[in-house]
Amino acid sequence: MTDFYHTHYKAYDQRTFTIDPSSFLSPFLKAIPHGASILDIGCASGRDLLWFKNKGFAVTGFEKSRGLAELARKNAGCEVIEGNFESYDFSALSFDAVLASGAFVHISHDRLFSIIQNIRRALVNNGFFYISLKKGEGEKTDDTGRTFYLWQDAELRALFDRLGLDVLNFQSSEAILNAKDV
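Only a predicted model underlies this, so the values are computations on that prediction, with no experimental measurement involved. (Residues numbered from 1 in each chain as written. Predicted model: local features only at pLDDT ≥ 70, side-chain atom pairs only at ≥ 80, totals over all residues. Heavy atoms only, no water.)

Brief notes about the pairing of strand 4 (residues 95–101)
Stage number 1. For strand 4, a buried count of 6 out of 7 residues is recorded, marking the element as mostly surrounded by other parts of the structure.
Stage number 2. Relative to strand 5 (residues 123–132), strand 4 runs parallel, the two being bridged by 6 bridges. Pairing of Phe-95 across the sheet is with Leu-123, part of strand 5.
Stage number 3. In the classification by handedness, the crossover that spans strand 4, the intervening helix 6 (residues 109–119) and the parallel strand 5 is right-handed. (Buried < 20%, exposed > 50% of the residue type's maximum accessible area, 1.4 Å probe, protein only. Helix = DSSP H or I, 4+ residues; strand = E, 2+ residues; numbered from the N terminus. Pairing = 2+ DSSP bridges. Right-handed = clockwise from strand over helix to strand, strands pointing away.)

This is the structure we're talking about:
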């Protein structure tokens, strides 16, 4: 897969920054203590960082794309760590919550366990981890060359169980999306 997010970061920002995340982030907001520290993995241009910051949370972004990281710093006015979450050492970080909203949609099933296990090292004891993935079977490549790995409920619950994660809220929504729009 070509690195779509390095090359098309401005267009991605224009298509996604104005989406209101309330509908999918409100359950997470209710679960975490007010003012908690949140690490937003794959923060893109900072939409969710800004949303949580405006609600009184201490937010830090984590982004692989330099262009998106720069936009996130500008848009949300907070620290953004540049790095690859597949190889970054998260053990020196400490956060009450980790947000991975769409960050893992391009990660194959066989790699996700070790990635989440590594990122969990940044969580305090009894911390919260938000993960959103695409529902379905197999994988799908869109016309931009991005491959999306699809998940079923049972697969996710088995993965979370292996990771020792208790599921506090599990939502499933059906959406029809034009891959050019996300």
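A look at the environment of Phe-28
Stage number 1. Examined against the element boundaries, Phe-28 turns out to sit in helix 3 (residues 22–31).
Stage number 2. Classification of Phe-28 as buried rests on a relative accessible area of 6%.
Stage number 3. As a C-alpha pair, Phe-28 and Phe-129 span 101 residues in sequence and 8.7 Å in three-dimensional space.
Stage number 4. If near-sequence neighbours (up to four positions away) are discounted, Phe-28 is found in contact with Phe-52, Ala-97, Val-98, Leu-99, Phe-128, Phe-129 and Tyr-130. (Contact = heavy atoms within 4.5 Å.)

What to know about the nonpolar core
Stage number 1. Counting 29 residues, the largest nonpolar core has Ile-41, Phe-85 and Phe-104 as its most contacted members.
Stage number 2. Within the residue set of this core, elements represented by two or more residues are strand 1 (37–41), strand 4, helix 6, strand 5, strand 8 (147–151) and helix 7 (153–163).
Stage number 3. Considering each element in turn, this core owes the most residues, 5 residues, to helix 6.
Stage number 4. Ignoring any residue separated from it by four or fewer positions in sequence, one finds Phe-85 in contact with Ile-41, Phe-62, Phe-90, Ala-103, Phe-104, Ile-107, Ile-115, Asn-118 and Ile-119.
Stage number 5. Core analysis: the second largest hydrophobic core is formed by 19 residues, Phe-52, Phe-57, Ala-69 and Ala-76 among them. (Core = buried A, V, L, I, M, F, W, Y, C linked by side-chain atoms within 4.5 Å.)

A word on the side chain of Thr-60
Stage number 1. Inspection of the secondary structure assignment puts Thr-60 in strand 2 (residues 58–63).
Stage number 2. Residues contacting Thr-60, with those up to four places away along its chain left out, are Ile-38, Leu-39, Asp-40, Leu-49, Glu-79, Ile-81 and Phe-95.

Section: the sheet that holds strand 1
Stage number 1. Strand order in this open sheet of 5 strands is 3-2-1-4-5, and the pairing throughout is parallel. Each end of this open sheet is capped by a strand with a single partner; those strands are strand 3 (80–82) and strand 5. Taking each pair of neighbouring strands and ignoring which way they run, the sheet shows an average axis angle of 20°.
Stage number 2. Alignment of strand 2 against strand 3, held across 3 bridges, turns out to be parallel. By the bridge assignment, Gly-61 is partnered in strand 3 with Val-80.
Stage number 3. Packing against the sheet, helix 3 makes contact with strand 4 and strand 5, and its axis sits at approximately 170° to strand 5. (Axes fitted to C-alpha atoms, helices over the stretch in contact; angles between N-to-C directions.)

Description of helix 7
Stage number 1. Of all the positions in helix 7, only Leu-156, Leu-159, Phe-160 and Leu-163 are classed as buried. Projected down its long axis, helix 7 shows its buried positions confined to an angular sector of 95°, all on one face. Set apart from the buried face of helix 7 by more than 90 degrees, the exposed residues are Ala-154, Asp-161 and Arg-162.
Stage number 2. At its buried positions, helix 7 is contacted by helix 6, strand 5 and strand 8.
Stage number 3. Directly beyond the C-terminal end of helix 7, a positive phi value near 75° is found at Gly-164. (Arc of directions from axis to C-beta.)

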